[in-house]
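# Reading the structure
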Amino acid sequence: MFGFGGHNNDQHQNGEDPFSVLMRVFANEMPPMLLRSAFPEGGARFGSHTSSTGGFNAPVDVKDSESHYYLEADLPGVKQQDVKLTVDDSQLCLSASRQLEKGEYYMKERREGSFERCWTFPVRVVEDSVKASLKDGVLKVEMQKGQSMGKTINIS
């Protein structure tokens, strides 16, 4: 069989076949790269940044209404005690980790590890108003908007 990275077998050092390693890297790195090139600030309306280890990440939707921001994140298999939310003025950070059972796998597509994602909103969040719940693998966060951080300057 063809070698991969100096190995002459079908398995990579950690037991994964080379194609799976390549596809995992592509799946985890290409979407953020494409997003950064399309929206350098992390999105059309909100600034964000992401860091992860182990290839585990969560898709997130953020809705904007007149008075609130609503965030929903898919966190299948994540326990409530492994999720952390922090809010500071206009920034919300979500971090989570997931560990899978150790053992010999015939096939392993689910990923484990940890990640952190932060979003900066154009209007500050009322910190005491933040409500969060985790049910059926979906984290829901409701945040009330506070005073606008922007200011119009009159030029004389």
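Residues numbered from 1 in each chain as written. Predicted model: local features only at pLDDT ≥ 70, side-chain atom pairs only at ≥ 80, totals over all residues. Heavy atoms only, no water.

Scanning the entire structure with this criterion turns up 1 aromatic pair. Taken together, a centroid distance of 4.3 Å and an interplanar angle of 20° make the contact between Tyr69 and Phe121 stacked. Of the two residues, Tyr69 is situated in strand β3 (residues 68–74) and Phe121 in the loop between β6 (113–120) and β7 (123–125); the sequence distance between them amounts to 52 residues. Of the two residues, Tyr69 and Phe121, both sit in the buried class. The ring of Tyr69 has Lys145 sitting right over it, with the charged end atom 4.8 Å from the ring centre. (Phe/Tyr/Trp six-rings, centres within 6.5 Å; stacked < 30°, edge-to-face > 60°. Helix = DSSP H or I, 4+ residues; strand = E, 2+ residues; numbered from the N terminus. Buried < 20%, exposed > 50% of the residue type's maximum accessible area, 1.4 Å probe, protein only. Lys NZ or Arg CZ within 6 Å of the ring centre and 35° of its normal.)

A word on the nonpolar core. Judged by nonpolar contacts, the single largest core of 19 residues is most densely connected at Leu71, Ala73, Leu75, Phe115, Trp119, Phe121 and Met143. Residue contacts for Met143: discarding those within four places in its chain leaves Ser67, His68, Tyr69, Leu71, Leu92, Phe121, Val125, Ser129 and Val130. (Core = buried A, V, L, I, M, F, W, Y, C linked by side-chain atoms within 4.5 Å. Contact = heavy atoms within 4.5 Å.)

On to the state of the cysteines, then. A full pass over the atoms with the stated rule returns 1 disulfide. There is a disulfide in this structure between Cys93 and Cys118, and the S-S distance comes to 2.1 Å. Taking the torsion about the S-S bond as the criterion, the Cys93 to Cys118 disulfide, at about 115°, is right-handed. Linking Cys93 in strand β5 (residues 91–98) with Cys118 in strand β6, this pair joins segments that are 25 residues apart in sequence. Each member of the pair Cys93 and Cys118 is classed as buried. (Disulfide = S-S within 2.5 Å.)

Most peptide bonds adopt trans geometry, and most residues besides glycine take a negative phi value. Even without being a glycine, Asp89 presents a positive backbone phi close to 60°. Even without a glycine there, the phi angle at Asp136 is positive, about 55°. Summarising the element assignment, Asp136 is placed in the loop between β8 (131–135) and β9 (138–148).

Bringing the confidence of the model for the protein into the picture now. In this model, the protein carries an average pLDDT of 75, and 60% of its residues clear a pLDDT of 70 or more. Scored below 50 in pLDDT, residues 1–12 shows 14 contacts in the model against residues more than four places distant or in partner chains. Low confidence marks residues 35–44, where pLDDT is under 50. Its contacts with residues over four positions away, or in another chain, come to 7 contacts. (pLDDT = per-residue confidence, 0-100.)

What follows is about the pattern of salt bridges. Following the criterion strictly, the structure yields 2 salt bridges and no others. Notably, a salt bridge pairs Asp64 with Lys145, separated by 2.5 Å at the nearest N-O pair. With Asp64 in strand β2 (residues 60–64) and Lys145 in strand β9, this residue pair connects regions lying 81 residues apart in the sequence. Asp64 gets classed as partly exposed once you look at its relative accessible area, which sits at 27%. Residue class for Lys145 comes out buried when judged on its relative accessible area of 16%. Between Lys102 and Glu112 there is a salt bridge; the shortest N-O distance is 3.3 Å. Taken together, the positions of Lys102 in the loop between β5 and β6 and Glu112 in the loop between β5 and β6 put the pair 10 residues apart, joining distant regions of the chain. Its relative accessible area of 65% is what places Lys102 among the exposed residues. (Salt bridge = Lys/Arg side-chain N within 4 Å of Asp/Glu carboxyl O.)

Here the focus is the environment of Gly146. Following the sequence through the fold, Gly146 ends up in strand β9. Take Gly146: its relative accessible area is 24%, and that puts it in the partly exposed class. When the C-alpha atoms of Gly146 and Asp89 are compared, they prove to be 9.0 Å apart, with 57 residues separating the residues in sequence.

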